[in-house]
Amino acid sequence: MKEKIQINAEAIELRNFFAEDCKSPVEVFSLLKTVEELTVVFYPMSERISGLCLVDNKNKFIGINSSQTLGRQRFTAAHELCHLYYHENLPGMVCIKGENDKKKKLFEKEANIFASFFLAPYEALNSFIKKKCNKKLEVEDVIKIEQYFGLSRQATLWRLIDDEYLTLIKAETMRNNIALLARRYGYSTDLYFPTSEEKQYITYGKYLKIAEKLKKKNLVSRGKYEELLLDAFRSDIVYGLDVAGEEQYDEKAVF
Amino acid sequence: MTGAALAGKRFKELRESSGVTQAQMAQYLGIDQSYISKFEKNERQFGTDTLQKAADLFGTTLDYFLTENVEYNKPLIALRASSLTAEDLEIIAMMNKLASNLRSMEQLLESKAL
């Protein structure tokens, strides 16, 4: 397996590719939408699958299990990016808990380390802890860290143990009351819950752009266009958007 | 080769090269395993819906099963995992279907651009 230091370097390299620095938290879903050849599908999958990816010529696809918590979905997105950009010749991969295949297991492990470093690079975490946390990390520090970098509790504890900021025993005490404590310390709990149901089936990215192009050029019938959108769970486009509360351009605003 | 024989032969090829067992396939398609075995031996036929569902899983088109000169599209996600459940296969089929749709959309764009 690659050394961790190399995986961290690759995570930073990919951050650079997305015009991100190596210290700030990243909005990983927004980054995905900037990749021209990528289609992202949010879909509730079985508990065993966190996500999957596939490459078809120039087209890339990432599927994210949207029934998992937001923190996990962010991790999955970064994990799949690793497969797509650093695991060459991989036509596709279904990321399953308890993978038995040796080679796949190795890829999975690397992608997990990558995801952790992509969301919180080694130096970024180190400097955040030095500047913002107690010398001996307490649960409120752990919450602060995961809220800043957008990590699940599991990913946060795993990383803090691995980087030797926490002992296994201490981490053990931080596995419960996750949302409750976050709330009490003044944070939002979005990270610890799945996204709302209307966001669980949705496709973004290239697929939509190409469908729109076909429609604009009148190369598909209305029926076919709608079928393509429905295949991609975009009934919101086919049957009309809910525009209540939509942004209104403020004509009187002064810049 | 007749349409029905071709479908059985190609189905078997794709199933085997993807490492999906007849039992997994039966569960995914929601039909009896013996039916699959008979289909592969050209003793029985599948309805279009069933065949389409199989095509989705393998990331290919219905045409591939029915028409001799339609090209082979290799499955995009390697299915070689004995632990995959019917539910997992549904997910893979969904993704392969979107990839296949996108491929057709791009082909259409390119052909009309000429």
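Above this text sits the structure in question.
Residues numbered from 1 in each chain as written. Chains lettered and ligands numbered in written order. Predicted model: local features only at pLDDT ≥ 70, side-chain atom pairs only at ≥ 80, totals over all residues. Heavy atoms only, no water.

Caption draft 1: The interface of chain B and chain A, seen in detail. Each partner contributes residues to the interface: chain B has 26 residues there, and chain A has 37 residues. Contact with chain A buries surface across chain B, with M95, M105 and L109 of chain B losing the most and accounting together for 23% of the total. Across the contact surface, chain B and chain A share four salt bridges. The partner of R48 of chain A in a salt bridge is D88 of chain B, with the nearest N and O atoms 2.2 Å apart. Summed over the shared surface of chain B and chain A, the result is seven residue pairs in polar contact (both at pLDDT 80 or more). Among the residues making up the side of chain B that touches chain A, the classes are represented as 15 nonpolar, four polar and seven charged. (Contact = heavy atoms within 4.5 Å. Buried area = accessible area lost by both parts, 1.4 Å probe. Salt bridge = Lys/Arg side-chain N within 4 Å of Asp/Glu carboxyl O. Polar contact = N/O pair within 3.5 Å; in protein donor to acceptor, adjacent residues only side chain to side chain. Nonpolar A, V, L, I, M, F, W, Y, C, P; charged D, E, K, R; others polar.)

Caption draft 2: Looking closely at the environment of G51 of chain A. Along the chain, the position of G51 of chain A falls in strand β2 (residues 49-56). Note: C-alpha distance between G51 of chain A and E251 of chain A (200 residues apart in sequence) is 43 Å. (Helix = DSSP H or I, 4+ residues; strand = E, 2+ residues; numbered from the N terminus.)

Caption draft 3: Up close: the nonpolar core. All names here are of chain A. Judged by nonpolar contacts, the single largest core of 58 residues is most densely connected at L32, F118 and I145. For this core, the element with the highest residue contribution is helix α4 (residues 102-119), accounting for eight residues. Not counting residues within four places of it along the chain, the set of residues in contact with L32 comprises L38, V40, I62, I64, A77 and L81. (Core = buried A, V, L, I, M, F, W, Y, C linked by side-chain atoms within 4.5 Å. Buried < 20%, exposed > 50% of the residue type's maximum accessible area, 1.4 Å probe, protein only.)

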